[in-house]
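Here's the letter readout for the chains.
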Amino acid sequence: MMNLLRLISRPTASAPVARERLQILLAHERGLRGQPDLLGVLRAEILAVVSRHIVLDPDQVIVKMDRGKHVSTLEVDIEVPNHAKRSIAAAAR
Amino acid sequence: MAKVLVVTSGKGGVGKTTSTAALGVALAQMGERVVVIDFDVGLRNLDLVMGAERRVVFDLINVVQGVAKLAQALIRDKRLENLWLLPASQTRDKDALTDDGVGRIIAELRTKFDWILCDSPAGIERGALLAMRYADEAVIVTNPEVSSVRDSDRIIGMLDSKTVKAERGERIEKHILITRYDSARAARGEMLSIDDILEILAAPLLGIIPESQDVLRASNVGSPVTLNNAASAPARAYTDAVRRLMGETITMTVPVERKGLMRRLLGRRAA
């Protein structure tokens, strides 16, 4: 019975879905074009600022971006060792 | 004045080589002096589509490296006397192509031809960049399908930033060529429409090449579709596109196959 219905009914048009998906995706991709890698830049600058005060392992600085439908979140995860030394620059101050 | 036209797409398999050959032939048929250059180093195919695969002696890289003179590497078409092919190398490393070398060759070709058609490799790497580097205009070959449209958008971004013209602050003229278009499927809403594609890519339309068996038949025998069957639907669409490139105003239509009764009956069921 389902098969029969499927034969009779016209398949729903998928082109409008394709069009909408493309428009959303390209609006996003065009915004990024020509810019340096945003997360890379953020990570380097955050690392530089924090390193002025605490000695850090650069590999323990993780910056993630999660793009949601309405808002995006930026997650910065910096692991600081418990016996972290203050950096020389901070100590000298 | 010579015009350098890059045929590009980003995505592979959308019909760049087929279109380069068909457009080159159609331009030559109108009396223009044309050279088609294959930039797909390592994966050359324009020679095969043009039916000149057994006549390749020297190639683009031989000329870049000074091993051969340009005149030695150019292959004249046996059917159209004002059509020439500059093949890519099949064996060399693609890094052998240099910006300076390509620039010198294009400059020399500009003095000898009316049209220089550069068949770009797929992708956005060095070969694709060099194919578009010295272009005055670009034909962006796009299938009515999401991945192809996305890649075309990416390529348009590169045309606007990485070409010599763009770096000089000039505008590179862009033309969208839609290939493998099936009007029946588009009418049923199963395929992105022409309007959708043009709205998304925001560039003018050069032509609509219908999906057709004539295209495969032409490449099978090494004769571009505009030469092999000039009356076929895709050939008429390519010829119209060329006339638009030359500045004529021609109403945009999707040429249709002239089907026999049997094929029409069978075709409807298979669609």
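Everything below is about the structure printed above this text.
Per chain, residue numbering runs from 1 following the sequence as it is written. Think of it this way: whatever chain is written first is A, whatever ligand is written first is 1, and the rest follow in order. A pLDDT threshold of at least 70 governs which residues receive local features in this predicted model, and a stricter bar of 80 or more applies before side-chain atom pairs are shown or counted, although totals over entire chains, interfaces and linings include all residues. Side-chain measures here rest on the full set of heavy atoms in the structure, leaving out hydrogens and waters.

**Student:** Explain the pattern of salt bridges here, please?
**Tutor:** Pairs may arise between side chains of opposite charge once their charged atoms sit close together. We define a salt bridge as a side-chain nitrogen of Lys or Arg found within 4 Å of a carboxyl oxygen belonging to Asp or Glu. The final tally for this structure, using the stated rule, is 18 salt bridges over all chains. With a closest N to O distance of 3.0 Å, E137(B) and K3(B) form a salt bridge. With E137(B) in strand β6 (residues 137–142) and K3(B) in strand β1 (residues 3–8), the pair connects residues that are 134 residues apart, well separated along the chain. If you follow the salt bridges from partner to partner, you end up with R19(A), D196(B) and E199(B) in one network. Strands are runs of DSSP state E lasting at least 2 residues, helices are runs of H or I lasting at least 4, and numbering of each runs from the N terminus.

**Student:** Teacher, can you tell me more about the interface of chain B and chain A here?
**Tutor:** A common measure of how large an interface is: the accessible area buried when the components associate. Two residues form a contact once any of their heavy atoms are found within 4.5 Å. In this complex, chain B contributes 15 residues to the contact, which on the side of chain A involves 15 residues. Summed over both partners, the interface of chain B with chain A buries about 1,300 Å², with 53% contributed by carbon and sulfur atoms. Our enumeration of links across chain B and chain A arrives at four salt bridges. The closest approach of N and O atoms between R19(A) and D196(B), which form a salt bridge, is 2.5 Å. Any pair of N or O atoms that falls within 3.5 Å is considered a polar contact. Within protein, one atom must be able to donate a hydrogen and the other to accept it, and sequence-neighbouring residues count only if both atoms are side-chain atoms. The interface formed by chain B and chain A holds eight residue pairs in polar contact (both at pLDDT 80 or more) in total. Of all elements in the fold, only α7 (146–162) and α10 (194–201) of chain B reach the threshold of two or more residues within the side of chain B that touches chain A. Per-class residue counts for the side of chain B that touches chain A are six nonpolar, two polar and seven charged. Once two parts are brought into contact, the accessible area they lose, counted with a 1.4 Å probe and summed over both, makes up the buried area. Under the scheme applied here, ten amino acids are nonpolar (Ala, Val, Leu, Ile, Met, Phe, Trp, Tyr, Cys and Pro), four are charged (Asp, Glu, Lys and Arg), and all others, including Gly, are polar.

**Student:** Quick question: what am I supposed to make of the sheet that holds strand β4 (residues 83–86) of chain B here?
**Tutor:** Pairing between the strands of a sheet comes from backbone hydrogen bonds, and it takes one of two forms, parallel or antiparallel. Residue and element names in this part refer to chain B. Strand pairing is defined by DSSP finding a minimum of two bridges between the two strands. In space, the eight strands of this open sheet follow the order β3-β4-β2-β5-β1-β6-β7-β8, with mixed pairing throughout. Bordering the open sheet on either side are β3 (75–76) and β8 (205–210), each of which pairs with just one other strand. For β1 and β6, the ladder comprises four bridges, and the chain directions are parallel. If you follow T8 over to β6, its bridge partner there is I140. Every axis in this analysis is a line fitted to C-alpha atoms, fitted for helices over the stretch in contact. Angles between the N-to-C directions lie between 0 and 180 degrees. In the packing of α10 onto the sheet, contacts are made with β6, β7 (173–181) and β8, and the angle to β7 comes to roughly 150 degrees. Running at roughly 170 degrees to β8, helix α13 (residues 233–245) makes contact with β1, β5 (115–119), β6, β7 and β8 of the sheet.

**Student:** I would appreciate a short explanation of helix α1 (residues 16–29) of chain B in the present structure.
**Tutor:** Residues and elements named next belong to chain B. Under the convention used throughout, the expected extent of a helix is 1.5 Å for every residue step, that is, one less than its residue count. With 14 residues, α1 ought to run about 20 Å at 1.5 Å a step, and its terminal C-alpha atoms sit 20 Å apart, in line with that. Relative accessibility decides the category of a residue: with a 1.4 Å probe and only protein chains considered, values under 20% of the type maximum give buried, values over 50% give exposed, and everything between is partly exposed. Across the 14 residues of α1, eleven count as buried, placing the element largely inside the fold. Listed as buried for α1 are K16, S19, T20, A21, A22, L23, G24, V25, A26, L27 and A28. Just past α1, the residue G31 takes up positive phi, approximately 95 degrees.

**Student:** Teacher, can you tell me more about the pairing of strand β2 (residues 34–38) of chain B here?
**Tutor:** Each regular strand carries side chains that alternate between the two faces of the sheet. Residues and elements named next belong to chain B. Among the five residues that make up β2, five are buried, leaving the element largely enclosed by the rest of the structure. Burial of β2 is two-sided: the residues V34, V36 and D38 facing one way and the residues V35 and I37 facing the other way are all buried. As paired strands, β2 and β5 are joined by five bridges and run parallel to one another. Bridging from a neighbouring strand, I37 pairs with C118 of β5.

**Student:** Help me out: how do you make sense of helix α5 (residues 99–110) of chain B in this one?
**Tutor:** An α-helical turn contains 3.6 residues, so any two residues separated by three or four positions project in the same direction. When the terminal C-alpha atoms of α5(B) are compared, their 16 Å separation across twelve residues agrees well with the 16 Å that a helix rising 1.5 Å per residue should span. Those residues of α5(B) lying buried are G101(B), V102(B), G103(B), I105(B), I106(B) and L109(B).

Function-wise, these values are silent; they only describe arrangement.
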